[in-house]
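Structural description and commentary
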Amino acid sequence: MLFALSITGPTIVRGLASGVVFALLAAGLVLVYRSSGIINFAHAELGLVASAMVELLVTRGHVPYWMTFPAALGTAAAIGALCEVVVIRRLRSAPRVMTVVATLGLSQFLVFVVAAVRGEATSTMPLPPGFPEWHLDSLTMNPAFTAILLLGPVAVIGVSLVLSRTRMGRTIRGAAANPDAARLAGLSPTRASATAWGIAGALSGLSSILVTGAFGSAAASSAGPALLVPAIAAAVIARFRSLGIAFAAGLALGVFQEVVAFNVDSGGAVQLAMFVVVFVGLMLQRRSGTRTEDLSSWMSIAPVRLPPRVRLGAALVGAAAGGGLVLTGLLGSSATAVSLMFIVATASIALSIFIVTGMSGQLSLGQFAVAGVGAVTGIRVATATGDMLVGLLAAGVVGALTTLLIGLPGLRLRGLFAAVTTLAFAVVTREWLLAQTWMAGFGRSLDDVRVAGLELRTTQARFGFCVAVYLVLVLAVHNVNCSGLGRRMRALRDNENQARGFTVGPLATRASSFAFAGFVAGSSGLLLGVAASNITAANFPSSQSITIVAAAVLGGLQGVFGSLLGALYLVGVPRFLPLDNAGLAATSFGWLALLLAAPQGIGGLLNRLVASLSRTAAQSPSASSGGGSFSLGRFAQPRDAFDGVVLSAHGLRKHFGGVRAVDGVDIELRQGETLGLIGGNGAGKTTLFELLGGFVQPDSGSIVYRGRDISTLPAHQRARLGIVRSFQDAALFSTFTVRESVLVALERRHPTKVLSALLGLGGHERRQRALADELLTMCGLSGYADSVVSTLSTGTRRIAEIACMIALDPDVLLLDEPSAGIAQRETEALVGVIRSVREQLGTTIVVIEHDMPFIRALSDRIIVMETGTVLAVGDPATVLADERVIASYLGTNTTAIDRSGQASAESVRKVIAPSGA
């Protein structure tokens, strides 16, 4: 007995066997994550083909076991490598979330393929010859049990040796972290990634063969989320880094699972325990301190922007098609109406994926489970109050709170870790939560459907209610997406660091999107209750959460009606055209193939088709002169008077491993001055900016702004105070237009209210747009207002970034190489633009530059950095004549030093009204 738990020898041994399976899968997950940077949700399914091969060839074909075994492992390895080459590599330029969704499609496809190959005939999984059978009390250890305990550790040790002792292993370890450095070292990240997927496939095949032999063929059917969650839990404990820790964690979790199952006489207790392990494990992980982030382009799924008339015509056609579906449900048979209700409910739940993924760039695999919680809550409240609208509201509120809770790790960690906890929640909801008597129990019925006192007697009336709720939710989501709140969500999705610099708080913004998505999923769950009349835990299998994600992605994440298109395909086709396993495999392959060929989905394809049929020639934007004046008074906000040092840093240190990027730097920035910051590559200039801006926390030292210590404040809070930073690449937000980028910046002074966004109140939005258009006209960018930022030249993007900086009205502006990548005449003119910002907005400026005439013409003082320390500080003439500065940084190339002259008034006018060159 331990902590009132009964622990026996058979329990420990059985747990170790399960733990080895978890450890093998966890090792494969870690391997793939380290090489590709993604969590492979098809990992458990990669080995299904191997176990099916052994079962069919040995049992039915009478091929010797030990001839089939290596062939099966080789096949699993080949499938893993093929998946990387055909699926993962093809989506490398797409957002990482799309790659993870593709692994979900792979899992579905492999399950249906194996089911189709096995057919209806059943056979017993053969046991590995040569391994003994033995007994421990009441437990019989067949040869497969013995093989698990012996072969599993050998396999993991072998993989660990490959990683630590071989050139390919070193490439796998570094491929995801820094592929460019791997290439420079003569290593191939793509080959390493395919190799890692192949090894992971072999590990999955080994686990599938042995677990099926040890625990029976029924184990093969549980190769989905229920088996993957413990493996993910082990990988989480290992932080997706260490194979040794993953193996040990897998063993411990296997024993833990068996002990819980042996002692707790409650269905789903094991799944509940695993959910807690995953949740706590992720909550205990520290936020990554890396200086890099996932900047994968969302342009691959961005819609083509249609002219207003074409957009109106497409909307009318879509409305007519939707109206036809509604009439079919209202005028058709009850069976047709019920099928359409399930389609509408699925589309409504998938709408929450549009919010989480399409708008926020995250991934939730538990939205269908949230819908289940909402369905039960809504039914109970509606039954108690006699009004469906009250039940709908209650379902939405509970759904919002549930999604916020299970999404907490994803809110605080970068990456797609929300998918991990939400998948675990999907499993525990089906196996434990909904089975409780205080939830669904043996079933919850919704027989008496009343809305505001009116009874919905017929199936068609219920269908009409579902359609009405769906349209209201669509309108609310559309309103938010087009508002400042939606722009903040999408800004974080496109470029988190830039969004933080524009005062967008990642935690609060993502929490808003999760809560909104949860409300939509929870209230949509009640629509399933209306369609099914009786709700049980069986109505909410964890695999259905994958279908919901597939519906949203397949339909297209560009707009709110994409989820309906996906639901028509994934739910409508099987309902109206009943399919066998082969048909289901073909359907799943179809949506996977569509995702690979067109990541923008059905909606995106239709959008591009309409754009091509409209034959509207793209016109080059024409630049405006800007009216000849550059008056920024309209955008200046009153500030508290302050005389003296506005921003100072003392003893700042930041080390990355053994690299001392900033090592004891002191800096003082006086009110209203322009401070130049120069130094060679690797001197620590950008790291100093990251420390001052709050993007990286210092190891030691302090930062004081207007007498307040802000050393621990994150970037978005410093930006709200007025400390604003630009970025060297001026990337802004890849899918945004220039106007939308400025609108995000205007959120600092004029934030959009949640209620205003939900209701689509247009007054605030119109005022924001008028202000943005005024600023764009003044900067000569009116002709580029509707141009997508990623399509602009570097010089035009620089001016767009300056417009955003003006909209932010910075008190302290940190400019990182503003002249990088632009023409010389624009570099000269930029001096006048920056001076206008300083003089008219009262902004204090720090600027990193390599163009010496630029920095000399602009700066009141210059600081020179070398290897993380301050080499010299003083007025430009003194510093640039310093022998130490000349020897360390400037050198003796006077042509390079003097390559530009004083900016003229004419060139300033040209850069304010760019030609687009």
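Quick caveat: nothing in here was measured; it's all calculated off a predicted structure.

Right, let's get into the state of the cysteines. Using the criterion set out here, one finds zero disulfides in the structure. For the unlinked cysteine cysteine 779, the closest cysteine sulfur is that of cysteine 804, found at 9.4 Å. For cysteine 779, a relative accessible area of 3% corresponds to the buried category.

Below, the discussion takes up the packing of aromatic side chains. Scanning all chains against the criterion turns up 14 aromatic pairs. Between the aromatic rings of tyrosine 65 and phenylalanine 69, the centroid separation amounts to 5.9 Å while the plane-to-plane angle is 20 degrees, which identifies the pairing as stacked. Residue tyrosine 65 and its partner phenylalanine 69 are both found in helix H4 (residues 65–88); the two are separated by four residues, about one turn of the helix. One exposure class covers both tyrosine 65 and phenylalanine 69, and it is buried. Both rings, one in phenylalanine 502 and one in phenylalanine 733, keep their centres 5.5 Å apart while their planes meet at 85 degrees; by these two values the pair is edge-to-face. Of the two residues, phenylalanine 502 is situated in the loop between helix H22 (496–501) and helix H23 (506–532) and phenylalanine 733 in the loop between strand S12 (723–725) and helix H30 (738–746); the sequence distance between them amounts to 231 residues. With respect to class, phenylalanine 502 is no different from phenylalanine 733; both count as buried. We note arginine 725 situated over the ring of phenylalanine 695; from NZ or CZ to the ring centre the distance is 5.5 Å.

So, on to the sheet that holds strand S14 (residues 844–848). Strand-to-strand pairing in sheets goes through backbone hydrogen bonds, with the strands running parallel or antiparallel. Spatially, S12-S13-S14-S9-S15-S16 is the arrangement adopted by the six strands of the open sheet, whose pairing is mixed. The two strands at the open ends of the sheet, each matched to only one other strand, are S12 and strand S16 (869–874). Across the sheet, the axes of successive neighbouring strands diverge by a mean angle of 20 degrees, strand direction being ignored. For strand S9 (residues 674–679) and S14, the ladder comprises four bridges, and the chain directions are parallel. Following the sheet pairing, glycine 676 is matched in S14 by valine 847. Most of the contacts of helix H28 (residues 685–693) go to strand S13 (residues 812–816), to which it runs at about 150 degrees, and overall it touches S9, S12, S13, S14 and strand S15 (861–866).

Okay, a nonpolar patch on the surface next. Taken together, the side chains of Ile7, Ile12 and Leu16 make up a nonpolar region of the molecular surface, amounting to roughly 190 Å² of accessible area. Structurally, the position occupied by isoleucine 7 is in the segment before helix H1 (9–36).

The subject of this paragraph is the pairing of strand S8 (residues 659–670). Where strand S7 (residues 645–656) lies against S8, nine bridges are found, and the strand directions are antiparallel. Counterpart to valine 645 in the pairing with S8 is arginine 670. Between the end of S7 and the start of S8, which pair antiparallel, lie two residues, with glycine 657 showing a positive phi angle near 65 degrees.

A few words on the sheet that holds strand S11 (residues 708–709). The antiparallel open sheet is built from four strands, whose spatial order is S8-S7-S10-S11. Looking at which strands have only one partner, the edges of the open sheet turn out to be S8 and S11. The pairing of S7 with strand S10 (residues 700–705) spans five bridges and is classified as antiparallel. Along S10, the bridge assignment pairs alanine 649 with isoleucine 703. On the sheet, H28 packs against S7, S8 and S10 and is oriented at approximately 120 degrees with respect to S7.

Let us look at the environment of leucine 139. Its place among the elements puts leucine 139 in strand S2 (residues 139–141). Leucine 139 sits 128 residues away from threonine 11 along the chain, and the two C-alpha atoms are 8.7 Å apart. Among residues more than four places away in sequence, those in contact with leucine 139 are Pro10, Arg14 and Trp134.

With that settled, consider the packing of helix H14 (residues 308–331) against helix H20 (residues 459–481). To describe two helices that pack against each other, one gives the angle between their axes and the distance between the axes. With their axes 8 Å apart at the nearest point, H14 and H20 run at an angle of 155 degrees to one another. With respect to H20, the axis of H14 lies roughly antiparallel. The segment H14 lies against H20, with Leu325, Val326, Gly329 and Leu330 engaging Gln460, Phe463, Gly464 and Val467. Counted by class, the contact of H14 with H20 contains five nonpolar, three polar and no charged residues.

A few words on the environment of serine 300. Its location among the elements puts serine 300 in the loop between helix H13 (269–283) and H14. When the C-alpha positions of serine 300 and alanine 598 are compared, they lie 8.7 Å apart, and in sequence the two are 298 residues distant. Among all residues touching serine 300, those that are not within four sequence positions of it are Ala94, Pro95, Gln600 and Arg608.

This brings us to the pairing of S13. The buried fraction of S13 is high, at five of five residues. Of the two faces of S13, the one carrying Val812, Leu814 and Asp816 and the one carrying Leu813 and Leu815 are both buried. Both S13 and S14 contribute to a ladder of five bridges, which runs parallel. In the sheet register, leucine 815 faces S14, and the bridge partner there is valine 847.

Moving on: the side chain of serine 107. Looking at where serine 107 falls in the secondary structure, it is placed in helix H5 (residues 96–118). With a relative accessible area of 2%, serine 107 lands in the buried category. Not counting residues up to four positions away in its chain, the partners in contact with serine 107 are Phe41, Ala42, Glu45 and Ile546.

What follows deals with the nonpolar core. Phe41, Ile209, Met388 and Phe425 are the most contacted members of the largest nonpolar core, which has 190 residues in total. When residues of this core are assigned to their parent elements, the largest contribution, 16 residues, is made by helix H15 (residues 334–359). Once you skip the residues sitting within four places of it in the chain, phenylalanine 425 turns out to touch Phe275, Gly366, Ala369, Val370, Val373, Thr402, Ile406 and Leu433. Ranked by size, the runner-up nonpolar core spans 59 residues in total, among them Phe736, Ala785, Ala800 and Met805.

About the thresholds
- Residues numbered from 1 in each chain as written.
- Predicted model: local features only at pLDDT ≥ 70, side-chain atom pairs only at ≥ 80, totals over all residues.
- Heavy atoms only, no water.
- Disulfide = S-S within 2.5 Å.
- Buried < 20%, exposed > 50% of the residue type's maximum accessible area, 1.4 Å probe, protein only.
- Phe/Tyr/Trp six-rings, centres within 6.5 Å; stacked < 30°, edge-to-face > 60°.
- Helix = DSSP H or I, 4+ residues; strand = E, 2+ residues; numbered from the N terminus.
- Lys NZ or Arg CZ within 6 Å of the ring centre and 35° of its normal.
- Pairing = 2+ DSSP bridges.
- Axes fitted to C-alpha atoms, helices over the stretch in contact; angles between N-to-C directions.
- Contact = heavy atoms within 4.5 Å.
- Patch = residues over 30% accessible without salt bridge, like charges linked within 9 Å, V, L, I, M, F, W, Y side chains within 5 Å.
- Areas by Shrake-Rupley, 256 points an atom, 1.4 Å probe, with all protein chains shown as cover.
- Salt bridge = Lys/Arg side-chain N within 4 Å of Asp/Glu carboxyl O.
- Parallel < 35°, antiparallel > 145°, perpendicular 65-115°, else oblique.
- Nonpolar A, V, L, I, M, F, W, Y, C, P; charged D, E, K, R; others polar.
- Core = buried A, V, L, I, M, F, W, Y, C linked by side-chain atoms within 4.5 Å.

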